Each structure stands twice: as C-alpha cells, then as structure tokens.
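# Descriptive structure summary
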Amino acid sequence: MFKKILEGSGYNCIVKARYGYMLYNKNDTYIGRSFDAYGEFSEGEAALFRQLCESGDRVVDIGANIGAHTLVFSGLVGKTGRVYAYEPQRVVFQSLCANMAINSIENVECSQMVVSSSTGHTRIPDIRYDLPANHGGFQVKPFTSGVKTQVAPLDELLDLPHLKLIKIDVEGMEREVIEGAEETIRRHHPFLYVENDKPDRSRALIEKILELDYRLFWHPTPLFNPENYAKNKENIYGKIVSLNMLCFHRSLDLNLEGFQEILDPGDHPMKG
C-alpha cells in the first residue's frame, strides 16, 4: 500500500513505493515528484527491464540518480546477480546509497563518479537541492569549481564474466559512455538502454551504436502510468515521455513488435 513514511522540515521524504522504500527529494520536479504522487517512476521502463533481465544477470546502471531503476534491477537479478550503479552528484549519490541501505540491498555496488570515455577528474558544482528543479537533468561540463569527482571509462572499471544490460542516462554524454565501454560491449554484446532526448546529439550517438553492429529501436515511455502504485488518477505530467532507445546486437534473433526501428541516424521524434 502506498504510504508516506517521512516528511520532515527538509526536502527529503520517504514513501513505501512499488519496489520498496524510497527516499526522494520532494523538490525534484520529475523523479521526486513522481514518487510523491505515484509511488513509482517510469514504470513503462521497469516493465521492459522485466523482459530483459533475470536471476544471476549482471547489469550496469550509469546515471542511476536515486536508484529508482537500480532497485528494480536488484530484484530482477536476485542474490546471484549483481548491479553496478554510478551517479556523480554527491547529494543524489547519498540518496542512492540510502535507498539501497533502507531496503537491505546487498547485490548492488554504488560508485560516485562520472563514467565517460576518458580517465581523470572533473568538478561537480554544488546545486540548490532545496529549490524546485529537475535535479536529474544536471549535465556534466568542464566546471572550474565544485567537488572533485573521478572520471573513468567503463572498460577500466569492470571486468565481468558476463553482462546482460547497460542502462545509460547521462544527460547528453551517452556517446562518450559508449566510447568508453566499447571493449566491454564488443565482448559481451549486452542490451543497451540509452536515453536519447537531445536531437542535436542524436546522430553521433546513433551512428556510434550502429558501428558496434547493433539494431536500435525507439522506446518512448509516458511519465504518467494510469495503473500507478498509488492509484492516483491525476496526470500531473500531461504528454511528457522519457525517450530512450533499446539496442541489441545483430547476432540476437529477436523480433520486436510495437517498436519503431531506427534506420536513419538523422531521424529523431523530437525534431520539428
């Protein structure tokens, strides 16, 4: 049953949500607002992940935010599986770890860092989490002040025996993540679930994934789920969707029904 457990004087709240207890920032206008109203976030994506992942799998969650989908992955891969979650924002990362802790999750490894194509460090500036904003929409840039944060390619971070899925939601840096994970992708041929909601960066991203001999399909997911966990019938998001791509290696014999395949790298649903 949907139930708010904690709502103090600060910005953090806790609810009993669809996949467990969830600590969220009530000032976050997307993920936090969704947990506040519905006890879940982007359930259409979770429904897809249930078709891709199973017990014993390895999953990488790059741009994990507060762990809404990390928690889903944890339940899907079970005690014999493992999830590797990466989030660069210090305060958001603390919430990610809190959400794994309050649900007694042991099969998730959380790391505060930027996953990209290079090795080194960058600066992540302080953000006003006490003010309303899309905190998950933060874009990593060459800032000159802020918390010194590690940057590394996935190929240097993990050496796995197998890998089922890489989820990438990094606000425009998706191509750089793919470049830094190319060896891992070529070795394991995991499913790729990649955000692509920035038309100006879409072509380069699509072309990079095509180079790896993958097929790509659009997966637009409405933020409002009429069958949400809280049974809240009010649609506070209107027609807003999360725009991602489901990608799989051409060696897999899969027939996807209801998905639009991306054949032209120049096409994008958000282009006028």
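Scoring rules and cut-offs
Residues numbered from 1 in each chain as written. Predicted model: local features only at pLDDT ≥ 70, side-chain atom pairs only at ≥ 80, totals over all residues. Heavy atoms only, no water. Pairing = 2+ DSSP bridges. Helix = DSSP H or I, 4+ residues; strand = E, 2+ residues; numbered from the N terminus. Core = buried A, V, L, I, M, F, W, Y, C linked by side-chain atoms within 4.5 Å. Buried < 20%, exposed > 50% of the residue type's maximum accessible area, 1.4 Å probe, protein only. Contact = heavy atoms within 4.5 Å. Salt bridge = Lys/Arg side-chain N within 4 Å of Asp/Glu carboxyl O. Phe/Tyr/Trp six-rings, centres within 6.5 Å; stacked < 30°, edge-to-face > 60°. Axes fitted to C-alpha atoms, helices over the stretch in contact; angles between N-to-C directions.

### Structural notes on the sheet that holds strand β8 (residues 120-124)
Taken in spatial order, the 3 strands make up an open sheet running β7-β9-β8, and their pairing is mixed. Every interior strand has two partners, whereas the edge strands, β7 (114-115) and β8, have only one. In this structure, β8 lies alongside strand β9 (residues 147-152), joined through 5 bridges in antiparallel fashion. The residue of β9 that forms the bridge with Thr122 is Thr149.

### Some words on the nonpolar core
Generally speaking, nonpolar side chains in soluble globular proteins are found buried as a group. In terms of nonpolar packing, the biggest core is built from 43 residues, with Met22, Phe35, Cys53, Val59, Ile66, Phe73 and Leu165 touching the most fellow members. Here this core takes 6 residues from helix α3 (residues 68-77), the largest share from any one element. Here Val59 is in contact with Cys53, Phe73, Val77, Arg82, Val83, Tyr84, Leu163 and Leu165, once residues within four sequence places are set aside. Residues Tyr84, Val177, Leu205 and Ile206 belong to the second largest nonpolar core, which totals 35 residues.

### Observations regarding the pattern of salt bridges
Counted under the stated rule, the structure contains 19 salt bridges. Among the ionic pairs, Lys167 bridges to Asp61, the shortest N-O distance being 2.8 Å. Here Lys167 is found in strand β10 (residues 165-168), whereas its partner Asp61 is found in strand β4 (residues 58-62), with 106 residues between them in sequence. When its relative accessible area of 5% is taken as the criterion, Lys167 is described as buried. Looking at Asp61, the relative accessible area reads 0%, which means it is buried. Among the salt bridges present, the one from Arg82 reaches Glu109, with a minimum N-O distance of 3.8 Å. One end of the pair, Arg82, is in strand β5 (residues 82-86); the other, Glu109, is in strand β6 (residues 108-111), and 27 residues separate them in sequence. Arg82 gets classed as partly exposed once you look at its relative accessible area, which sits at 27%. Put simply, Arg18, Glu40, Glu43 and Arg50 are held in one network by salt bridges that share partners.

### A look at α3
An α-helical segment advances 3.6 residues per turn. Residues three or four places apart therefore align on the same side. Counting buried positions along α3 yields 9 of 10 residues, so the element is predominantly enclosed. Turning to α3, its buried residues number three or more, namely Ala68, His69, Thr70, Leu71, Val72, Phe73, Ser74, Leu76 and Val77. Downstream of α3 by a residue or two, Gly78 has a phi angle that is positive, lying close to 70°.

### Here we look at the packing of aromatic side chains
Per the counting criterion, the structure on display carries 7 aromatic pairs. Each ring, one from Phe49 and one from Tyr193, has its centre 5.1 Å from the other, and the planes form 85°; the classification is edge-to-face. Of the two residues, Phe49 sits in helix α2 (residues 43-52) while Tyr193 sits in strand β11 (residues 191-195), which places them 144 residues apart along the sequence. By relative accessible area, Phe49 is classed as buried at 0%.

### Describing the pairing of strand β13 (residues 241-249)
When you tally the buried positions in β13, you get 8 out of 9 residues, the bulk of the element. As defined by bridge partners, β11 adjoins β13 across 4 bridges and the pair is classed as antiparallel. Looking at β13, one finds that Val194 is bridged to Met245. As judged from the 9 bridges shared by strand β12 (residues 214-222) and β13, these two strands associate in the antiparallel manner. Within β13, the position partnered with Thr221 by the bridge is Ser242.

### Some points on the sheet that holds strand β3 (residues 20-25)
The antiparallel open sheet is built from 3 strands, whose spatial order is β1-β2-β3. Each having just a single partner strand, β1 (3-7) and β3 make up the two edges of the open sheet. Direction aside, neighbouring strands of the sheet carry axes that sit 25° apart on average. Relative to β3, strand β2 (residues 12-17) runs antiparallel, the two sharing 6 bridges. Counterpart to Asn12 in the pairing with β3 is Asn25. The strands that helix α4 (residues 90-102) touches are β2 and β3; relative to β3, the one it contacts most, it runs at about 160°.

### Points about the environment of Gly266
Topologically, Gly266 is positioned in the segment after β14 (260-261). Residue classification places Gly266 among the buried positions, given a relative accessible area of 11%. Those residues in contact with Gly266, other than ones at most four positions away along the chain, are Arg203 and Lys271.

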